[in-house]
Amino acid sequence: MTASTFTPHYPESLPELDLDLDRAPAAAPRRRLARLRSQLAARRLDLLLVLLLTAVAGWVHANGMYDSPSRFDDEGSYTAYAWAVQYKHVLGHYTYWYAHPPLGWIQIAVWNTLTNGFAHAPYAVAAARNFMLVCKLVSIPLMYGLAARMGFTRLGRVIAIALFAFSPLAVYFTRAALLDNIVTPWLLASFFFAASPRRSIRGATASAVCLAVAVLSKETALLYLPAVVVMLWQHTDKRNRRFQLGLFGAWFTMLCTAYPLYALLHNELLIGPGHVSLEWAVKWQLFNRTGSGSIFDPHSLAHTVIRSWMDQDAWLPKLTLALVVPALAIRRTRALALAFAIQVVQLLRGGYLPYPYVIAMIPFAALTVAGTVDWLWQLGRDGMLTRLKPRKWPRARRWTWSALVLAVVAAMTVTIGHAWSYPLRDLRTQDRDAGSAAALAWVEANVPHSAYVVVDDAFWVDLVRDGFPQSHVIWFTKLDVDPAVRVPGHPQWTGIDYVLLDQQDDLSLHMQNDGQPSPDTRKTYPTLGTALAHATVAAHYGTGLDSVTVRQVDPNRPTVQQLAAQRAAAQQAAAAKAAAAQEAANKAAKARAEAQIAAAKKAGQAKHGGRSGARKP
């Protein structure tokens, strides 16, 4: 090919290069700053709305968060793990057995280190609850921004935030120091970056990093991966979609493999003798853990958990279930509705259902409802149906449609707001933790530090900080499970001095209504069950599920069964003695009767003999 026939694939005259190296670096920051100022000016109303919503939501969340709900064992577990990370520089104060990835409580430990949280909080779990407030405050702007990127109007964004911030179900659970609450802002951030309007590789990378952090905080976040991929697919250009999805997958996989790599480096990846393993933990979580039954079985634990959610707030779950199918059909809400639908499907499989499972569902339920309502609102406002049927949808009809949607939203706001007012008031005013606080104070005042105390997880850090040796304060869930946990007694239960458990612990231990261990308790927790059988109530505080009982163990005290046997033996002895006395009385009466009969006969014979003698002469 000659030069005369060659046609270049680029313009023959290129623009002159700007090689002013002294000016270019200084101009770039100024341009970025000017662009940032213009963006902030254009979004002033949104910023004010976000600040207002965040402030109100933070007040609702924080007002009473130490008092309701009452502290419970899962909160105590993660608080104690965070305490171990902060003060002992280990992943757990007991053997770390890979029940969950550790990044969640590492974040709690970092927060408490920065704020000296354990020193300032009224009790240990409250220090972790402070970090849950931070997670809530971070989640609200992320949700608002995600809704904006999904094309929601300000009405839709405000509805989404209101549902997430003010639902009693959300307020109750987002206060608790649980890993699911730490996962929530990372999940929302993953969706937020996946929906980047720039469709850039930075957005895909940031989304992968946030989702990986969520998974490393709690493994259940992995269930949201399909929804994030759908979101990313919708917001990538088809020309580089394959590259961005590949980059997302590479970053996500690389970060998540840090968890099994940690196990591998500690020789705990696979099942083996003499050590815990990630393989065993995964198998136990997926296949061997006792299921909760069907949610449709009124006698199952799963049904009880669902019922407890509905008792807090029935409106948000029902509205979301009613609108999830239309939301799946709407393109902009499809990924959000899919995130919720995946969790609903998981509920139907009949496996183990954790009590806080609903937490990660709440923000996507709020976005699903708000997105569907906002789509209906925009039908009339923007004239979407007008473009489909221009002759049948004039302006007056669009206004009528918009007025109808607003009327429905207003009516639902009044109805739902009235229904929410009572549980929100209780969450703000009721001190449901009073029983736990009183029981803990009783133990600190009356139990010597040399005693061995078996406790609910929620009290462990408080007693250790009060001066009890770590080896003397024992989680009741570890006593018969962890071989490293030993009590100096022969048998072990005789070394236990006190047991501090709440009513929910009693239910999980299958304690009987009379406060004594059931056969299931003795089978599952033989050491603890035997100790409880020889225990008497030393103190009891609170009511209902929020009550806490302190029991003192006395090895010389007979068990209820032994007392029953003694009573039965005594009753048998008394019955035998009474029978013997009755028999002796019967014999005496019979003897007396026989004597009387003999005497009567003798008297009769004597009388008859006298008459015979009188006749003979």
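Values in this document were obtained by computation on a predicted structure and should not be read as measured data.

A. Examining the confidence of the model for the protein chain more closely. Looking at the protein chain as a whole, the pLDDT averages 86, with 88% of positions reaching at least 70. Confidence, read as mean pLDDT per element, is least for helix α19 (residues 384-388) in the protein chain (47) and greatest for helix α9 (residues 179-194) (97). Scored below 50 in pLDDT, residues 6-12 shows one contact in the model against residues more than four places distant or in partner chains. The low-confidence segment residues 17-21 (pLDDT under 50) makes one contact with residues lying over four places distant or belonging to another chain.

B. Broad picture of a positive patch on the surface. On the surface, Arg30, Arg31, Arg32, Arg35, Arg198 and Arg202 cluster together into a positively charged patch. Considering each element in turn, the positive patch owes the most residues, four residues, to helix α1 (residues 24-42). As for its position among the elements, Arg35 is in helix α1. You can call Arg35 partly exposed: its relative accessible area is 41%.

C. Representation of the packing of helix α2 (residues 44-62) against helix α6 (residues 124-149) within the structure. Two elements in contact, α2 and α6, have axes whose closest approach is 10 Å; the angle formed by their N-to-C orientations is 150 degrees. Overall, the two elements α2 and α6 adopt an arrangement that is roughly antiparallel. As α2 runs across α6, the sense of the crossing is right-handed. The segment α2 lies against α6, with Asp46, Leu49, Val50, Leu53, Thr54, Ala57, Gly58, His61 and Ala62 engaging Met132, Leu133, Lys136, Leu137, Ile140, Pro141 and Tyr144. Residues of the contact of α2 with α6, tallied by class, amount to 11 nonpolar, three polar and two charged.

D. Representation of the packing of aromatic side chains. The tally for this structure, following the rule as stated, stands at 23 aromatic pairs. Aromatic side chains Trp83 and Trp460 sit 5.4 Å apart centroid to centroid with 75 degrees between the ring planes, which places their arrangement in the edge-to-face category. Residue Trp83 is found in helix α3 (residues 73-88), and its partner Trp460 is found in helix α22 (residues 460-466); the two are separated by 377 residues along the sequence. Of the two residues, Trp83 and Trp460, both sit in the buried class. Between the aromatic rings of Tyr96 and Trp105, the centroid separation amounts to 6.1 Å while the plane-to-plane angle is 75 degrees, which identifies the pairing as edge-to-face. On the accessibility criterion, Tyr96 (13% relative accessible area) is buried. With a relative accessible area of 1%, Trp105 lands in the buried category. Following the ring pairs from residue to residue traces out a cluster consisting of Tyr78, Tyr81, Tyr94, Tyr96, Tyr98, Trp105, Tyr259, Tyr262 and Trp475. Of note, Arg71 hangs over the ring of Tyr123, and the distance from its end group to the ring centre comes to 3.9 Å.

Rules used in this analysis
The numbers attached to residues start from 1 for each chain and follow its sequence in the written order. The model is predicted, so local features are restricted to residues of pLDDT at least 70 and side-chain atom pairs to those at 80 or more, both for listing and for counting; the totals for chains, interfaces and linings are taken over all residues. The basis for every side-chain value is the complete set of heavy atoms in the structure, and neither hydrogens nor water enter the calculation. Every residue is assigned a pLDDT by the predictor, reflecting its confidence on a scale from 0 to 100. Secondary structure elements are taken from DSSP: a helix is a run of H or I of four residues or more, a strand is a run of E of two residues or more, and numbering for both begins at the N terminus. What makes two residues a contact is simply this: any of their non-hydrogen atoms within 4.5 Å. Patch construction takes residues with relative accessible area above 30% that form no salt bridge. Like charges are linked within 9 Å, and nonpolar side chains (Val, Leu, Ile, Met, Phe, Trp, Tyr) are linked within 5 Å. Only the protein chains shown count as cover for residues, with accessible areas throughout obtained via the Shrake-Rupley method and a probe of 1.4 Å. The salt bridge criterion pairs a side-chain nitrogen of Lys or Arg with a carboxyl oxygen of Asp or Glu, the two atoms within 4 Å. Positive charge is attributed to Lys and Arg, negative charge to Asp and Glu, and no charge count is given to His or to the chain ends. In plain terms, the charge of a residue is placed at NZ if it is Lys, CZ if Arg, CG if Asp and CD if Glu. Burial status follows relative accessibility: with a 1.4 Å probe on protein chains alone, a residue under 20% of its type maximum counts as buried, one over 50% as exposed, and anything between as partly exposed. Here an axis means a line fitted to C-alpha atoms, over the contact stretch when the element is a helix, while the angle between two N-to-C directions is reported on a 0 to 180 degree scale. Orientation categories follow fixed angle ranges, with anything under 35 degrees roughly parallel, anything over 145 roughly antiparallel, 65 to 115 roughly perpendicular, and all other angles oblique. Crossings are sorted by hand: turned counterclockwise from the far helix by less than a right angle, the near helix makes the crossing left-handed, and turned clockwise it makes it right-handed. For this scheme, ten residues count as nonpolar: Ala, Val, Leu, Ile, Met, Phe, Trp, Tyr, Cys and Pro. Four count as charged, namely Asp, Glu, Lys and Arg, and the remainder, Gly too, count as polar. In this scheme Phe, Tyr and Trp rings, the latter by its six-membered ring, pair at centre separations within 6.5 Å, and the angle between planes marks the pair as stacked below 30 degrees, edge-to-face above 60, and tilted otherwise. Charge over a ring is defined by NZ of Lys or CZ of Arg lying within 6 Å of the ring centre and within 35 degrees of the ring normal.

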